[in-house]
Protein chains: 2
Amino acid sequence: MRIAVDAFGGDNAPAAVVEGCIDALKKYPDMSVTLCGDEERIKVELEKYQYDGTRVDILHSPEIISCDEQPTFAIRRKKDSSLVKAMELVRDKKADCVVSAGSTGAVLAGATFIIKRIEGVKRPAIGVVFPAEKGCVLIMDCGANVDCKPSYLQQFAVMASAYMHDIMGVDNPRVGLLNNGAEAEKGNELTKAAYKLLEQTPVNFVGNCEAREILSGEFDAIVCDGFAGNIVLKYTEGLASTFIGMLKKELMADTRSKLGAAMAKPAFRRFKKVMDYTEYGGAPLLGIDGGVIKAHGSSNAKAFAAALGQARSFASSGTNETIRRAVKSLPEVPD
Amino acid sequence: MRIAVDAFGGDNAPAAVVEGCIDALKKYPDMSVTLCGDEERIKVELEKYQYDGTRVDILHSPEIISCDEQPTFAIRRKKDSSLVKAMELVRDKKADCVVSAGSTGAVLAGATFIIKRIEGVKRPAIGVVFPAEKGCVLIMDCGANVDCKPSYLQQFAVMASAYMHDIMGVDNPRVGLLNNGAEAEKGNELTKAAYKLLEQTPVNFVGNCEAREILSGEFDAIVCDGFAGNIVLKYTEGLASTFIGMLKKELMADTRSKLGAAMAKPAFRRFKKVMDYTEYGGAPLLGIDGGVIKAHGSSNAKAFAAALGQARSFASSGTNETIRRAVKSLPEVPD
């Protein structure tokens, strides 16, 4: 099992990326990594750690794609970038999965143009796994496709269902459609049409999901366009910190509460761990003919190691074969 | 100041509605109410309280519009419903504002067909005021228009800005566009076009607002289509209860934390109050040629009283005149 790593993607590259790789190598004895990026700088980072050298390769790729660059243009122009080189390793079957904390646009463009889509997939999409009240839920698309057609959402449902079954071990995953009402006739033009398609799709479609039900545990996967999914993703981050901030302010406002808060520290620590998205690793880009995990741009070593763990699960699963078969079996839908 | 009240809208009508009216009458000595609904049943509720009878009228309207009914059809057919009668009071200038906890669709249809739109307004929209880290923020539209054109969002900006200035007393309200990235070129088809329009709109447009910034206090008003706004509104409700539930679980999991939580009770009580949306009353429906406040369907007496307080503020402000002038001054935008 070899993972291709974009060592120069993300806010904390290459230090956090290399540290995350070392952690993951310890945790997963069957894993090897190929670090793509400036060889000298990677070596400087690697020297800080003890590790099995036979499991770490470096592929020198001196160029870096930054967040400000137009993704498609950057992918085409910077052939020697860490991102392009890492993607090529998967394309050429020299690695089983790629992990990058680079910009979503660049990862999406790189995967689409270099590794390419699974035959029949209209739009690859980003899935993000959220902790729910019971279990967890995959929301898809979280930002790859801000304008969608109903048939894209149908394919998202098929891909999300395959992921939750093959990787997360959920039996017959319950798929919901993010909508502004629970009733079948609710929705905007997109979701109304998507609802009808999903009723005829070979997944366990359980109907509309109102936003207040997203984390209820009643859904294993929720499909939506990338604009709505991006709102859910970023609002979750924002609200978690707003709530914790508001609660903290109240806890510090009187002596009795302050003392109580100090005593309840073990609970707050556990709560923070549940809320800690670094525990959940990266987001799979589904629909690509190879494994692609997008790590959060601000990943620290722990988050990056978790993303590598996810890459390993993906690579050892047959998810892409399931997706290939399922997408092929869908009847043609004119857009 | 007279408020028309739909006494038979919402899950807890008429008991909670009548109780809320009695509370509001105590709080606001300049307020009178006309309760629309079944006279006998309203009288039974009123008998429970002591109040100044000269400030409470009843307009007998025996029919009820339920949540399951197709709104436009129900409004046209049930001429003797509490909702229709209450709307007519505002149309006929016999009341300054109407408050209803009925279904959003019915309130919207009633307001649009009976009171009618302000001249030039393309689509009335629902604004919801959220508590933010600093101050509060009005999000608009929260569900009246699930499919929008760029020019609708432009008008929402004008209306939201007027509300925050005239009612909430915010000087030069900062208006943001809910989007999937901070940069000007980000967005889906709708938001990209809306961004360009907003740049030329006579409001204090401060750019895109990513979802993680919604409650940051950096925006006084945020515009979006009703589908996205509805997600934000309902997800906020859902996340608040999910977070509180998760925290509670952790606090009860060990004896030390349990004790600490008991000590910190004053802080938790204050936190819950901040999170308590019943404190914030109802949502204004802007763009209608009269005051319309939609109270939450599950409003208790306290929430309904708060909605009446909001109706009073609206009726005594010149917001609709500001909106009328501002909308008139916008150049014609072809859709």
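Up top you'll find the structure we're talking about.
Residues numbered from 1 in each chain as written. Chains lettered and ligands numbered in written order. Predicted model: local features only at pLDDT ≥ 70, side-chain atom pairs only at ≥ 80, totals over all residues. Heavy atoms only, no water.

**Considering the relation of the copies chain A and chain B**
Put simply, the rule is: Here the copies are superposed with least squares, the fitted atoms being C-alpha atoms of residues at a pLDDT of at least 70 in both. Note on contacts: a residue pair qualifies if any of its non-hydrogen atoms lie within 4.5 Å across the two residues.
When chain A is fitted to chain B, the best match, at an RMSD of 0.0 Å, comes from turning it 180° and sliding it 0.0 Å along the axis. Expressed as a symmetry operation, the mapping of one chain copy onto the other fits a two-fold axis. Minimal C-alpha distance to the rotation axis in chain A is attained by G260 of chain A, lying at 1.9 Å. A share of 100% of the interface residues of chain A reappears at the interface of chain B, consistent with the copies meeting face to face through the same patch.

**Notes on the state of the cysteines**
Residues and elements named next belong to chain B. Condition: Put simply, a disulfide is two cysteine sulfurs that come within 2.5 Å. A 1.4 Å probe rolled over the protein chains alone gives each residue an accessible area, and that area as a share of the maximum for its type sets the label: buried under 20%, exposed over 50%, partly exposed in between.
One pass over the full model with this rule turns up zero disulfides over all chains. C136 takes part in no disulfide bond, and the closest cysteine sulfur to it belongs to C142, at a distance of 13 Å. Between C209, a cysteine without a disulfide, and C224, which holds the nearest cysteine sulfur, the sulfur-to-sulfur distance is 9.3 Å. A relative accessible area of 0% means that C209 is categorised as buried.

**Some details on the sheet that holds strand 1 (residues 2–6) of chain B**
Residues and elements named next belong to chain B. The criterion, for reference: Paired strands, in this sense, are two strands between which DSSP finds at least two bridges. Comment: elements are numbered from the N terminus, with helices defined as DSSP H or I runs of at least four residues and strands as E runs of at least two. A fitted line through C-alpha atoms represents every axis, and for helices the fit uses only the stretch in contact; the resulting angles, taken between N-to-C directions, go from 0 to 180 degrees.
Spatially, 11 strands are ordered 3-2-1-4-11-10-5-6-9-7-8 in an open sheet, and the strand pairing comes out mixed. In the strand order of this sheet, the two ends are held by strand 3 (56–60) and strand 8 (204–209), each with one partner. Neighbour-to-neighbour, the strand axes of the sheet open up by a mean angle of 25°, direction not taken into account. The pairing of strand 1 with strand 4 (residues 97–100) spans three bridges and is parallel.

**Side note on empty space enclosed by the protein**
As a reminder, the rule being used: Residues are called lining when one of their atoms sits within 4 Å of a cavity or pocket point, these points coming from a 1 Å grid over the protein atoms alone, where a cavity is a set in which a 1.4 Å probe fits but cannot get out and a pocket is an open set with protein on both sides within 12 Å along at least five of seven lines. Grid points are joined across faces, edges and corners, and a volume is the space filled by probe spheres set on the points. Only Asp, Glu, Lys and Arg are considered charged, only Ala, Val, Leu, Ile, Met, Phe, Trp, Tyr, Cys and Pro nonpolar, and every remaining residue, Gly among them, polar.
Scanning the entire structure with this criterion turns up five cavities of 30 Å³ or more. The calculated volume of the largest cavity comes to roughly 80 Å³. Listing elements by their share of the lining of the largest cavity, those giving two or more residues are helix 8 (226–251) and helix 10 (265–275) of chain A together with helix 8 (226–251) of chain B. Here the lining of the largest cavity is composed, by residue class, of 11 nonpolar, no polar and no charged.

**With respect to the pairing of strand 5 (residues 125–131) of chain A**
All names here are of chain A. Counted residue by residue, strand 5 has seven buried out of seven residues, so it is predominantly covered. Bridge count for strand 5 against strand 10 (residues 283–286) is two bridges, and the pairing is antiparallel. Directly across from A125, in strand 10, lies its bridge partner L286. Here strand 5 folds back onto strand 6 (residues 136–140) in antiparallel fashion, the turn holding four residues, of which G135 has a positive phi close to 70°.

**What about unusual backbone geometry?**
Between A13 of chain A and P14 of chain A the backbone carries a cis peptide bond, its omega angle lying at -5°. Residue placement: P14 of chain A occurs in the loop between strand 1 (2–6) and helix 1 (15–27). A positive phi angle is found at K93 of chain B, which is not glycine, with a value near 60°. Within the secondary structure layout, K93 of chain B lies in the loop between helix 4 (82–91) and strand 4. According to the relative accessible area criterion, K93 of chain B is exposed, its value standing at 64%. Positive phi outside glycine occurs at N172 of chain B, with the angle close to 50°. Here N172 of chain B shows up in the loop between helix 6 (150–166) and strand 7 (174–178).

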